[in-house]
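Architecture and fold: a report
Here's the letter readout for the chains.
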Amino acid sequence: MTSHIITDTIVMFRRCARHTVRSRDTLIISLLMPVLVMMLFTYVFGGAIDVGGPYLDYVVPGIMLLCTGFGSSITATSVSTDMTKGSIDRFRTLPMYDQVLLAGHVAEGVVRNVAAIGIAVAAAIVLGYRPQAGILGWLSASAVIALFIVAISWIAVALGLAAKNPEAAGGLTYAIMFTPYISSAFVQTATMPGWLRGFAEHQPATPVVETVRGLLNATGAGSYAAVAVFWCIVLAMIGFGCASWLFNRVSRR
């Protein structure tokens, strides 16, 4: 049973990946937009923001989260397209597990987001980013980012299932894309007004970005690491649970 699920998921992943590659304009935007935002913050706003060190070193972990936010829009839109244009009805006639369609979208989203983050980090290194992390630091930071990507991908799948059409699905993900901006991704939360600081310090993006920043800059993640992993697991469970419920509900119509 497990082998069949893995095989079917790989098939669905390849299908989703082909659709993404064929939509070249969307793919290019999702891969390059984080780089443009990083350059915007570094060279336009970075000189006016005091973070106690090079701003590029501070902002790169935030750009990693932003990549995931941009990618969630593509995932949600793709899921909604499958659900509204009859693809799901054709897949239900095949001898396969229904939920592997969702797993295929998640797997494709993870690979695409990892590629976007890789491009953004490579561009940052060209611009002068010099992380101090060793191999263990990089592996730990990569694991946290991967866990965050999986969690956000499942949330995006659930939003795609909840939306009435692909356009609405893309709009629903704005909240995901906007969340890193209200965190410590681009500015220190201490500079925010009190009513906003409380939210910024206790929402999921802040512990994740602080963990990754501490690991890559070799300053230590402290208590943020456990909170970051906790948030990722909770978000993944919520996304998976909602996606499964919505998918079964829609499939029975």
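Note that this is a predicted model, so its numbers are computed, not measured.

1. Examining the pattern of salt bridges
Summed over all chains, the structure comprises two salt bridges. Linking E108 and R112 is a salt bridge whose minimum nitrogen-to-oxygen distance equals 3.0 Å. Of this pair, E108 and R112 are both found in helix α5 (residues 100-127), four residues apart, which corresponds to roughly one turn of the helix. This pair shows no difference in class: E108 is buried, exactly as R112 is. A salt bridge links R213 to E210, with the shortest nitrogen-to-oxygen separation between them at 3.1 Å. A residue pair is termed a helical-turn pair when its members lie 3 or 4 positions apart in one helix, as R213 and E210 do in helix α10 (residues 205-216) at three residues.

2. Here's the deal with the confidence of the model for the protein
Fine structural detail should not be taken from predicted coordinates in areas where pLDDT scores are low. Mean pLDDT over the protein stands at 85; residues scoring 70 or higher make up 92%. Mean pLDDT across the secondary structure elements of the protein bottoms out at helix α4 (residues 87-91), with 67, and peaks at α10, with 93.

3. Comments concerning helix α3 (residues 55-84)
An α-helical segment advances 3.6 residues per turn. Residues three or four places apart therefore align on the same side. Here α3 is 30 residues long and its end C-alpha atoms lie 44 Å apart, about the 44 Å a rise of 1.5 Å per residue gives. Of all the bends in α3, the largest measures some 25° and sits at P61. Of all the 30 residues making up α3, 26 are buried; the element is thus mostly covered by neighbouring parts of the structure.

4. Focus on the packing of α5 against helix α6 (residues 135-162)
At a minimum axis distance of 9 Å, the contact between α5 and α6 shows a crossing angle of 135°. Accordingly, the angle class assigned to the pair α5 and α6 is oblique. Like other packed secondary-structure pairs, α5 and α6 cross with a definite hand, here right-handed. Taken together, the residues of α6 that come into contact with α5 (itself represented by L102, A103, H105, V106, G109, V110, N113, V114, I117 and V121) are W138, I145, I149, V150, S153, W154, V157 and L161.

5. Some points on the packing of α3 against α6
Running from N to C, α3 and α6 point in directions that differ by 35°, and their axes come no closer than 8 Å. Handedness of the α3/α6 crossing: right-handed. Where α3 approaches α6, its residues M64, L65, T68, S72, T75, A76, V79, S80 and M83 are matched on the opposing element by I145, F148, I149, I152, S153, A156, V157, G160 and L161. Residue composition of the contact of α3 with α6, by class: 12 nonpolar, six polar and no charged.

Rules of the game
- Residues numbered from 1 in each chain as written.
- Predicted model: local features only at pLDDT ≥ 70, side-chain atom pairs only at ≥ 80, totals over all residues.
- Heavy atoms only, no water.
- Salt bridge = Lys/Arg side-chain N within 4 Å of Asp/Glu carboxyl O.
- Helix = DSSP H or I, 4+ residues; strand = E, 2+ residues; numbered from the N terminus.
- Buried < 20%, exposed > 50% of the residue type's maximum accessible area, 1.4 Å probe, protein only.
- pLDDT = per-residue confidence, 0-100.
- Expected span 1.5 Å × (residues − 1).
- Bend = angle between axes of the 7 residues up to and from the residue.
- Axes fitted to C-alpha atoms, helices over the stretch in contact; angles between N-to-C directions.
- Parallel < 35°, antiparallel > 145°, perpendicular 65-115°, else oblique.
- Left-handed = near helix turned anticlockwise from the far one by under 90°.
- Contact = heavy atoms within 4.5 Å.
- Nonpolar A, V, L, I, M, F, W, Y, C, P; charged D, E, K, R; others polar.

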